[in-house]
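Observations on the model geometry
Residues per chain are reported as follows:
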Amino acid sequence: MFEIDLNCSLFQVFRGTITDAPDFDPTADAEALYSAMKGIGSDKEAILDLVTSRSNAQRQEIIAAYKSNFGQDLIDDLKYELTGKFERLIVSLMRTPAYHDAKEIHDAIKGAGTNERCLIEVLASRNNKQIHDMVAAYKDAYGRDLEEDVIADTSGHFKKMLVVLLQDLYAAGEEQWGTDEAKFIMILGNRSVTHLHMVFDEYEKIAEMSIEDSIKNELSGDFERLMLAVVQCIRSVPMFFAKRLYKSMKGLGTADNTLIRIMISRSEIDMLDIRECFRLRYEKSLYNMIKDDTSGDYKRTLLNLCGGDDDLAGEFFPEAAQIAYKMWELSAMTRVQLRPTVRPAPNFDPAADAQALRKAMKGFGTDEDAIIDIVAWRSNAQRQEIRQAFKSLLGRDLMKDLKSELSKNLERLIIGLMLTPAEFDAKMMRKAMEGAGTDEHALIEILVTRSNQEMHAMNAAYQGAYKKSLEDAIQSDTSGHFCRILVSLVQGAREEGPADVERANADAQELADACNADSDDMVMKFMSILCTRSFPHLRKVFQEFVKCSNKDIEQIIKKEMSGDVKNAFYAIVRSVKNQPSYFADRLYKAMKGLGTDDRALIRIMVSRSEIDLFNIRKEFKETHDASLHEFIQGDTSGDYRKTLLILCGGED
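Residue indices follow the written sequence of each chain, beginning from 1 at its first position. With pLDDT at 70 or above as the cut-off, local features in this predicted model cover only qualifying residues; side-chain atom pairs require 80 or more to be listed or tallied, and sums for whole chains, interfaces and linings still use all residues. Here the side-chain values reflect all heavy atoms present in the structure, with hydrogen atoms and water set aside.

Here's the deal with helix α25 (residues 398-405)
Rule in force here: Only protein chains enter the accessibility calculation, which uses a 1.4 Å probe. A residue is then buried if its area is under 20% of the maximum for its type, exposed if over 50%, and partly exposed in between. What counts as a helix is a DSSP run of H or I of at least four residues, what counts as a strand is a run of E of at least two, and both are numbered from the N terminus. The arc in question is the one spanned by the directions pointing from the helix axis to the C-beta atoms. Any two residues having at least one pair of non-hydrogen atoms within 4.5 Å are treated as being in contact. Polar contact is defined as a pair of N or O atoms within 3.5 Å, subject to the rule that within protein one atom must be able to donate a hydrogen and the other to accept it, and that residues adjacent in sequence are counted only when both atoms are side-chain atoms.
Buried within α25 are the following residues: Leu398, Met399, Asp401 and Leu402. Seen end-on, α25 carries its buried residues on one side only, within an arc spanning 165 degrees. Of the exposed residues in α25, those oriented more than 90 degrees away from the buried face are Lys400 and Ser404. Looking at the buried positions of α25, the neighbouring elements they touch are α22 (350-361), α23 (368-375), α24 (380-394) and α26 (408-418). Capping the start of α25, Asp397 holds a side-chain oxygen 2.8 Å from the backbone nitrogen of Met399, two or three residues further along.

Remarks on the packing of helix α12 (residues 193-207) against helix α14 (residues 221-235)
Our working definition: The angle between two axes is taken between their N-to-C directions and runs from 0 to 180 degrees, where each axis is a line fitted to C-alpha atoms and a helix contributes only its stretch in contact. Oblique is the label for every angle not falling under 35 degrees (roughly parallel), over 145 degrees (roughly antiparallel), or within 65 to 115 degrees (roughly perpendicular). Ten residues, namely Ala, Val, Leu, Ile, Met, Phe, Trp, Tyr, Cys and Pro, are considered nonpolar, four, namely Asp, Glu, Lys and Arg, are considered charged, and the remaining ones, Gly among them, are considered polar.
Two elements in contact, α12 and α14, have axes whose closest approach is 9 Å; the angle formed by their N-to-C orientations is 110 degrees. Our classification of the angle between α12 and α14 gives roughly perpendicular. Only Val231, Ile234 and Arg235 of α14 make contact with α12, whose side of the interface consists of Val193, Leu196, His197, Phe200 and Glu204. Looking at the contact of α12 with α14, its residues break down into five nonpolar, one polar and two charged.

Describing the pattern of salt bridges
Inclusion rule: What counts as a salt bridge is simple: a side-chain nitrogen of Lys or Arg found within 4 Å of a carboxyl oxygen of Asp or Glu.
Taken as a whole and judged by the stated rule, the model has 39 salt bridges. A salt bridge links Lys618 to Glu224, with the nearest nitrogen and oxygen atoms 3.1 Å apart. Within this pair, whereas Lys618 is found in helix α38 (residues 613-624), its partner Glu224 is found in helix α14, the two being separated by 394 residues in sequence. Comparing Lys618 with Glu224, the two get one shared label, buried.

Quick word on the side chain of Lys216
Inspection of the secondary structure assignment puts Lys216 in helix α13 (residues 211-218). Relative accessible area serves as the criterion here: at 6%, Lys216 is assigned to the buried category.

Some points on the packing of α23 against helix α40 (residues 638-648)
Applicable threshold: What makes a crossing left-handed is the near helix being turned counterclockwise from the far one by less than a right angle; a clockwise turn instead makes it right-handed.
Put simply, α23 and α40 touch, their axes get as near as 10 Å, and they point 20 degrees apart. Put simply, α23 runs roughly parallel to α40. Judged by the twist between their axes, the crossing of α23 over α40 is right-handed. Seen from α23, the contacting residues are Glu368, Asp369, Ile372 and Asp373; seen from α40, they are Asp639, Lys642, Thr643 and Ile646.

Here we look at the nonpolar core
Short version of the rule: Definition of nonpolar core: a set of buried residues of the types Ala, Val, Leu, Ile, Met, Phe, Trp, Tyr and Cys, connected through side-chain atoms within 4.5 Å.
Counting residues in each nonpolar core, the largest one holds 201 residues, and the members touching the most others are Phe526 and Phe569. In terms of residue count, helix α36 (residues 563-591) provides more of this core than any other element does, 14 residues in total. If near-sequence neighbours (up to four positions away) are discounted, Phe569 is found in contact with Ile485, Val523, Phe526, Met527, Leu530, Ile557 and Met561.

Some details on the confidence of the model for the chain
Which entries qualify depends on this criterion: Residue-level confidence of the predictor is summarised by pLDDT, bounded by 0 at the bottom and 100 at the top.
A residue-level look at the chain finds 94% of positions with pLDDT of 70 or above and a mean pLDDT of 89. The low-confidence segment residues 1-11, where pLDDT is below 50, has 27 contacts with residues more than four positions distant or belonging to other chains.

A word on empty space enclosed by the protein
Applicable threshold: Cavity and pocket criteria rest on a 1 Å grid covering protein atoms alone: a 1.4 Å probe that fits but cannot get out defines a cavity, protein on both sides within 12 Å along at least 5 of 7 lines defines an open pocket, and an atom within 4 Å of a point defines a lining residue. Grid points are joined across faces, edges and corners, and a volume is the space filled by probe spheres set on the points.
Within this structure, the stated rule accounts for one cavity of 30 Å³ or more. Roughly 280 Å³ of internal volume is contained in the largest cavity. Mapped by element, the contributors of at least two residues to the lining of the largest cavity are α7 (116-125), α14, α15 (237-249) and α38. Grouping the amino acids of the lining of the largest cavity by side-chain chemistry returns four nonpolar, two polar and ten charged.

Side note on unusual backbone geometry
If you check the backbone angles, Lys408 has positive phi at about 55 degrees while not being a glycine. As for its position among the elements, Lys408 is in helix α26. A positive phi angle is found at Asn550, which is not glycine, with a value near 65 degrees. As for its position among the elements, Asn550 is in the loop between α34 (535-549) and α35 (553-560). For Asn550, a relative accessible area of 23% corresponds to the partly exposed category.

Some remarks on the packing of aromatic side chains
Using the following cut-off: Classification of ring pairs uses Phe, Tyr and Trp, with its six-membered ring standing for Trp, and accepts pairs whose centres are within 6.5 Å; under 30 degrees between planes counts as stacked, over 60 as edge-to-face, and the remaining range as tilted. For a Lys NZ or an Arg CZ to count as sitting over a ring, it must be within 6 Å of the ring centre and within 35 degrees of the ring normal.
If you walk through the whole model with that rule in mind, you get 15 aromatic pairs. Here the aromatic residues Tyr34, Tyr66 and Phe70 are joined through ring pairs into a cluster of three or more. If you follow Arg339 out to its NZ or CZ, it ends over the ring of Phe614, 3.8 Å from the centre. Its end group placed over the ring of Tyr570, Lys558 keeps NZ or CZ at 4.1 Å from the ring centre.

Notes on helix α16 (residues 256-266)
Of all eleven residues making up α16, ten are buried, and the element is well covered by its neighbours. When α16 is considered as a whole, its buried residues turn out to be Asp256, Thr258, Leu259, Ile260, Arg261, Ile262, Met263, Ile264, Ser265 and Arg266.

Structural data, given as structure tokens:
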């Protein structure tokens, strides 16, 4: 059992992967490197093995010995002999941490564009001493003042906060900037981590939302990104870097500069903690991700810095359990303010809209723009009034007219918007089950995320439209434990209300005990709790589960379960933890790679536009380092794209 320390500072002890080599002889190492580079071609393996098995301080001694023995600059020789990413990595390892940081910042601001993400990462994550040393190294290497260069290259509140981070502490009241932005700068410019943990906890109690959600609601662009990075580093520096590393390798292509910078700068500080956080969050070891994403000597060097494969160890670490506990606690305390992207139109006139829609569809050709501008800019309740007005004024069925005038994805999207939420959900459930295959992911997504009230309305709409109960449809289309889970969810009988602490402890213990039972009993026990308890209660259960089992519930589900049952329970846990984040992930999966899952894209954009699509957008941006707007823009086209972008409600 681990002890919970809310301000657990895992970083006072050495948690790096690279240490001083024993029996170190700088002269012998200098000679070995000289031999490895002599003659035609160089012995890259000898170079990388030597460099990655010495600490940075030892590498500095090797540089000095090389110069005194051979009268040459070791870094210049390495640059001459090596090429590409491998050269960049080895040469960077030879620099002191301060000079390496200084060079990264210099490269980020020189030339035409600025690499804001590099500035954010370095300045948000370094402690006072590291910042001091970097400023001095910058002055020495480039003969310039780092603060002045940052000021010249950035602007606005983003610039102000970078300057605050370059100094030790922000003296409150020194400058009066007013505005919400200044409030955040004043709070977060204070580098006392313990103090800020307490501030965040108090902030959550008063505001009923986390400081992160507050930042996402009130700020935007690089300034928002910087402030989130500062908060993440205060919460957990290793988790911050785990996320950065994941983003540098996921998807097509690798952000090698980011990968190199983090692997080098953390190898002698907290790489072990980063590895644990990485595995906790992504269910894959950092080692395996690097292995799959890189190649050759470059890969071998990075794997040496990584220092080991945690998937082989297969165990959950106490530090990771502590972080998991803290994550659930944070989730339990947070009250997310849900924000839609579609709101009722002012000065609404259903009769005028009905006439305009008729005009857009009369005669030859269809005025798609006119249809989109009416349908996408009205709330669902207003669209229902338009349907009524269309019927009573023109004696026609608006849905039939739209179906005959539009086609393909645009038709599906516009019709989806015109249906009531319950009709739309019922139709989506029907589509997921009709024909040969079943879209299990769609069934899970809908049934896990709808409230009891939404579930009852959907059941009634399904019965009305298809003359069959939704429960019967599920039973004839699915089987086994998966069927039981869906049937349990479709009852719309989930408890409501806050957590019952005593019962949550008992539930957590029951789940922990079930992990040792046979798989059928385990699934039934998980179902009896995960499908029936309220979300606030489950947050508390999952937090206490970490205490009972020393494991995170997500990991257990991934490890002990399989197929649709695993996917259903995992979706419940993800929704309980952060539902907008769950939807952001579903949207990302719908658009990444070749081809687009248009049905999933339409389903989520339509069903969430008046509930929490703004929150989903913010989560999307934070997780995938690209905006939902950008993804839709790049992945769809024509009037379909235009309608989706209106629903999206803006670029982040």
